[in-house]
Amino acid sequence: MRILGIETSADETAAAIVENGTKILSNVIASSAEIQSKTGGIIPENAARQQIKYIIPVLSETLKKYTWQKIDAIAITVGPGLIGSLLVGVETAKTLSYLTNKKIIPVNHLVGHIYANWLETGDKSKVTRIRLPKFPALALVVSGGHTDLIQMKNHGKVTWIGGTRDDAAGEAFDKGGRLMGLPYPAGPVISILAEKYRNENPDTVLNLLPRPMIKTDSFDWSFSGLKTALIKFTTETNQFKIPTERLAAEVQEAIADVLVDKTMRAIQKYRPRSFLLAGGVAANTRLREKLKSKIDLLYLDVDFRVPIPELCTDNASYIASFAYFNFKPISWEKLIASPSISIADKV
Ligand code: KG4
Ligand code: ZN
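Chains are numbered independently. Their residues run from 1 in the order of the written sequence. The naming scheme follows written order: chains are lettered A onward, ligands numbered 1 onward. In keeping with the model being predicted, local features are shown solely for residues with a pLDDT of at least 70 and side-chain atom pairs are shown and tallied solely at 80 or more, while totals for entire chains, interfaces and linings include all residues. The basis for every side-chain value is the complete set of non-hydrogen atoms in the structure, without hydrogens or water.

Asks: Kindly report on the sheet that holds strand β10 (residues 303-305), identifying the contributing residues and their values.
Replies: Strand pairing is assigned whenever DSSP identifies at least 2 bridges connecting the two strands. Each helix corresponds to a stretch of at least 4 residues labelled H or I by DSSP, and each strand to a stretch of at least 2 residues labelled E; elements are numbered beginning at the N terminus. Overall, mixed pairing links the five strands, which are arranged β8-β7-β6-β9-β10 in an open sheet. Where the open sheet ends on each side, the last strands, each with one partner, are β8 (157-163) and β10. The sheet shows a mean angle of 20 degrees between the axes of neighbouring strands, direction not considered. Sheet topology note: the strand β7 (residues 147-154)/β8 ladder contains six bridges and is antiparallel. Note on β8: the bridge partner recorded for Asp 148 is Gly 163. Against the sheet, helix α8 (residues 244-270) engages β6 (137-142), β7, β8 and β9 (274-278), with an angle of about 160 degrees to β6. Contacting β6, β9 and β10, helix α9 (residues 285-297) runs over the sheet at an angle of about 165 degrees to β9. Axes here mean lines fitted to C-alpha atoms, for a helix over just the part in contact, with angles spanning 0 to 180 degrees between N-to-C directions. Contacts: residue pairs with any heavy atoms within 4.5 Å of one another.

Asks: Describe the site of ligand 1, naming the residues involved and giving the relevant values.
Replies: For this description, a residue counts as near a given molecule or strand if any of its non-hydrogen atoms is within 4 Å of it. Looking at ligand 1, there are 19 residues lining it, with His 113, Gly 144, Asp 174, Gly 280 and Asp 314 nearest. In the analysis that follows, any N or O atom pair within 3.5 Å is treated as a polar contact, provided that within protein one partner can donate a hydrogen and the other can accept it, and provided that, for residues neighboring in sequence, both atoms belong to side chains. Between Gly 187 and ligand 1, the recorded distance is 3.2 Å, taken from a backbone N or O atom to an oxygen atom. When residues of the shell around ligand 1 are traced back to their parent elements, those giving at least two are α4 (109-114), α5 (169-179) and α6 (186-200). In the scheme used here, Gly and all other residues not listed as nonpolar or charged are polar, with Ala, Val, Leu, Ile, Met, Phe, Trp, Tyr, Cys and Pro taken as nonpolar and Asp, Glu, Lys and Arg as charged. Classifying every residue of the shell around ligand 1 gives five nonpolar, twelve polar and two charged.

Asks: If you had to explain the pattern of salt bridges to someone new, which residues and values would you point to?
Replies: Salt bridges are defined as contacts in which a side-chain nitrogen from Lys or Arg sits within 4 Å of a carboxyl oxygen from Asp or Glu. Scanning the entire structure with this criterion turns up 22 salt bridges. For Glu 19, the salt bridge is made with Arg 2, and the minimal N-O distance between the two is 3.0 Å. Taken as a pair, Glu 19 in strand β2 (residues 12-19) and Arg 2 in strand β1 (residues 2-7) lie far apart in primary sequence, 17 residues in all. Residue classification places Arg 2 among the partly exposed residues on the basis of a relative accessible area of 23%. Between Arg 286 and Glu 289 there is a salt bridge; the shortest N-O distance is 2.8 Å. Note that Arg 286 and Glu 289 are positioned in helix α9 at a spacing of three residues, about one turn of the helix. Only protein chains enter the accessibility calculation, which uses a 1.4 Å probe; a residue whose area is less than 20% of its type maximum is buried, one above 50% is exposed, and one in between is partly exposed. Exposure remark for Arg 286: the relative accessible area of 13% places this residue in the buried category.

Asks: Give a detailed account of the packing of α5 against α6, specifying residues and quantitative values.
Replies: Contact geometry for α5 and α6: axes closest at 8 Å, N-to-C directions at 75 degrees. Taken together, the axes of α5 and α6 lie roughly perpendicular to each other. Along its contact with α5, which presents Phe 173, Asp 174 and Gly 177, the element α6 presents Ala 186, Gly 187 and Ile 190. With respect to orientation, any angle under 35 degrees is reported as roughly parallel, any angle over 145 as roughly antiparallel, any angle of 65 to 115 as roughly perpendicular, and every other angle as oblique.

This is the structure:
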């Protein structure tokens, strides 16, 4: 089965065709992040305008080699996200479903992210049989707007066990970066600066910033305090004069430490067969390596999965993959954008 996925929840306009939930046949992304960078963050109205501009060219490019006869269904992100951006995708998907008579599957963007772990990557000639994640699974979704830890007993059986009480992990990277004068989105820039600093200063202990809520028993996080702690190092008149690269490494280490600590405790408590990392922040090299080494250090018997960095950030391939494994079509008349849904909400 071939599913056309469409994703327009924020500042990426994306479409993809995925076969049987695992094989990417086409994956096209247009991003207006550069435009948002000029205003230091997303202005919803601007993002929606860019979605309108990109949606048809992105779909034409995605469908270049595949006629409609070769597509079996349409998967569409209905939320969470920015209402203006979501509406562009939702209305386009409705129109396409009406015109082509294809089934339509609404997708929760946050659960969708996790399905990047079901996609085949790497050297195609060597892939004989893809090893799929196993249930029960535990998933950590870390994106620009959300940080959630969930238990997955099976496809469609999702229980929320913890999350952020204020800023999301990606937001902490982006707001920290803004304080340091870095462009939006700051996560990838912080990651590069931090890795440079760590390579050049392998012995520096990175402990200038607090590790909020690390000692609490819950599986919740709080990241907003990091900004406050960072301000004293970034005001023009500050007495510390710490180089930006070091601050980048400090921010990255503090975020990674609290994410890793709580996740390890959740793995020990819930004993999943697979642990799945997902969302834009999952592209962070330090977070990936810290999770892996802590799992090894604690001898946790869990299959740790993380998508290749390109599939961690917003794209439509995982939206199509989710729809294959959770095939619940609805009629196009029933499709609505739901900007405020949470990760455990059915759509
Ligand atoms: O999942 P995503 O692409 O969009 C949302 O659904 O929000 O996540 C975007 C977030 C941004 O906050 C961005 O700064 C962060 O992911 N991000 C990273 C990295 N790449 C993207 N954060 C840290 N390190 C990275 N390499
Ligand atoms: Zn996302």
